[in-house]
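These are the residues of each chain, in order.
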Amino acid sequence: MTDTALQQEIAPARKAEILAEALPYIKRFFDKTIVIKYGGNAMTDPHLKDCFARDVVLLKLVGLNPVVVHGGGPQIENLLARVGKKGEFVQGMRVTDAETMEVVEMVLGGQVNKEIVNLINKHGGKAVGLTGKDAGFIRAKKLLMQRKDAPEGDLIDVGQVGEITAIDPSLIAFLDQGDFIPVIAPIGVGEEGETYNINADVVAGKLAEILKAEKLVLLTNTPGVLDKAGNLLTGLTPRQIEDLVADGTLSGGMLPKIGSALDAARNGVKSVHIIDGRVEHCLLLEILTDHGVGTMIKSK
């Protein structure tokens, strides 16, 4: 159902109730930072893209400080296919040789970033597009991954994939003071100016820690964290999440997301939300209403 059809169907009194329900959340989160990892279907479906942009603008206008970190996997795959390359992943991380890095930077730092900025601005926000190279605010080094079921130190080189060494929050703080909405592509810079592709979930998680964010919200293409029977789990603690990883319930592409969520929850972010980006206005539902649309991981 479109926004217009939904508005026509909801009675005026119910609209007032919905707005009133948001008030305590607006008060609680006023002037708090919310880091949002934007990805999945919400980034590719035109209507969902529009919903996301409007949600971000509304959150800003009612006094929250949204910071957007985006991925761009499908867009990268499309461009790689056009140049005759096939994407390869190891433990959820994209293998990134020099040619792939050029494509990643072109897509994330250019095409995708500017589209999100334009959408938010179209709806009345003041979005500014960044990569970690801007003011060198995301510093990184080469990531070497431990090979599964191998002796400690048996490492895999996945190319120009980065591990964050430092984030300077001053640029984000400066933008926040001017009521700008930062939109960040997950590209970092090394000591010698090298360019690194960094998993967007990892960037969002570390940024949430550094900014002392109230919430980290990760948009996905699933209802949230599911058990082996497919049931939605919520109100989880870091220990419960660790158990789900250990027994194999969580694996593959969910691992970087879960790793970032756990680190953020342990390091000062009050709550982490893994939500269904396929739901219209999922951000508003999760942050400003009693009815969430995903899994919440509590810091304790």
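Residues numbered from 1 in each chain as written. Predicted model: local features only at pLDDT ≥ 70, side-chain atom pairs only at ≥ 80, totals over all residues. Heavy atoms only, no water.

With an unreviewed UniProt entry as reference, the chain is termed Acetylglutamate kinase, source organism Thauera aromatica K172. Reading the Catalytic activity (unreviewed entry) entry of the UniProt record for the chain gives the comment "N-acetyl-L-glutamate + ATP = N-acetyl-L-glutamyl 5-phosphate + ADP". (UniProt positions renumbered as here; feature names shortened; annotations may be inferred.)

## Remarks on the overall build of the chain
When its secondary structure is counted, the chain shows ten helices and 15 strands. Over its C-alpha atoms the chain spans a radius of gyration of 19 Å, differing by no more than 12% from the 19 Å that the globule rule assigns to 300 residues. The buried share of the chain, reckoned over its 300 residues, is 48%. When contacts within the chain are restricted to residue pairs at least 6 apart in sequence, long-range pairs at least 24 apart make up 73% of them. Within the structure as shown, the chain displays about 14100 Å² of accessible surface, and the carbon and sulfur contribution to it stands at 54%. Charged side chains of the chain number 33 positive and 39 negative; the gap between the two group centres comes to 3 Å. (Helix = DSSP H or I, 4+ residues; strand = E, 2+ residues; numbered from the N terminus. Rg over C-alpha atoms; globule rule 2.2 N^0.38 Å. Buried < 20%, exposed > 50% of the residue type's maximum accessible area, 1.4 Å probe, protein only. Contact = heavy atoms within 4.5 Å. Areas by Shrake-Rupley, 256 points an atom, 1.4 Å probe, with all protein chains shown as cover. Lys, Arg positive; Asp, Glu negative; His and termini not counted. Charge placed at Lys NZ, Arg CZ, Asp CG, Glu CD.)

## Overview of the layout of surface pockets
Within this model, the second largest pocket holds a volume of roughly 660 Å³. Around the second largest pocket, the lining comprises 31 residues; the ones closest to its centre are Lys37, Gly73, Phe89, Asn199 and Asp201. For the lining of the second largest pocket, the elements supplying multiple residues, two or more each, are helix 4 (73-82), strand 4 (93-94), helix 5 (98-122), helix 7 (200-210), strand 11 (215-220) and helix 9 (254-266). For the lining of the second largest pocket, the element with the highest residue contribution is helix 4, accounting for five residues. Here the lining of the second largest pocket is composed, by residue class, of 13 nonpolar, 13 polar and five charged. (1 Å grid on protein atoms, 1.4 Å probe; cavity = no way out; pocket = protein on both sides within 12 Å on 5 of 7 lines; lining within 4 Å. Points joined across faces, edges and corners; volume = space filled by probe spheres on them. Nonpolar A, V, L, I, M, F, W, Y, C, P; charged D, E, K, R; others polar.)

## A look at the sheet that holds strand 8 (residues 181-185)
Pairing is mixed across the open sheet formed by seven strands, whose spatial order is 5-8-2-1-11-14-15. Every interior strand has two partners, whereas the edge strands, strand 5 (127-131) and strand 15 (294-298), have only one. Shown here is a sheet whose adjacent strand axes are inclined to one another by a mean of 20°, direction ignored. (Pairing = 2+ DSSP bridges. Axes fitted to C-alpha atoms, helices over the stretch in contact; angles between N-to-C directions.)

## Side note on the nonpolar core
Ranked by internal contacts, the top residues of the largest apolar core, which has 43 residues, are Ile120, Leu219, Leu283 and Ile287. Going through the elements one at a time, helix 2 (12-29), strand 1 (33-38), helix 3 (46-61), helix 4, helix 5, strand 8, strand 11 and helix 10 (282-288) are the ones with two or more residues in this core. No other element matches the ten residues that helix 5 contributes to this core. Not counting the four nearest positions on each side in its chain, Ile120 is found in contact with Ala53, Val56, Val57, Gly125, Ala127, Ile181 and Val183. Val35, Leu175, Leu236 and Ile274 belong to the second largest nonpolar core, which has 39 residues in total. (Core = buried A, V, L, I, M, F, W, Y, C linked by side-chain atoms within 4.5 Å.)

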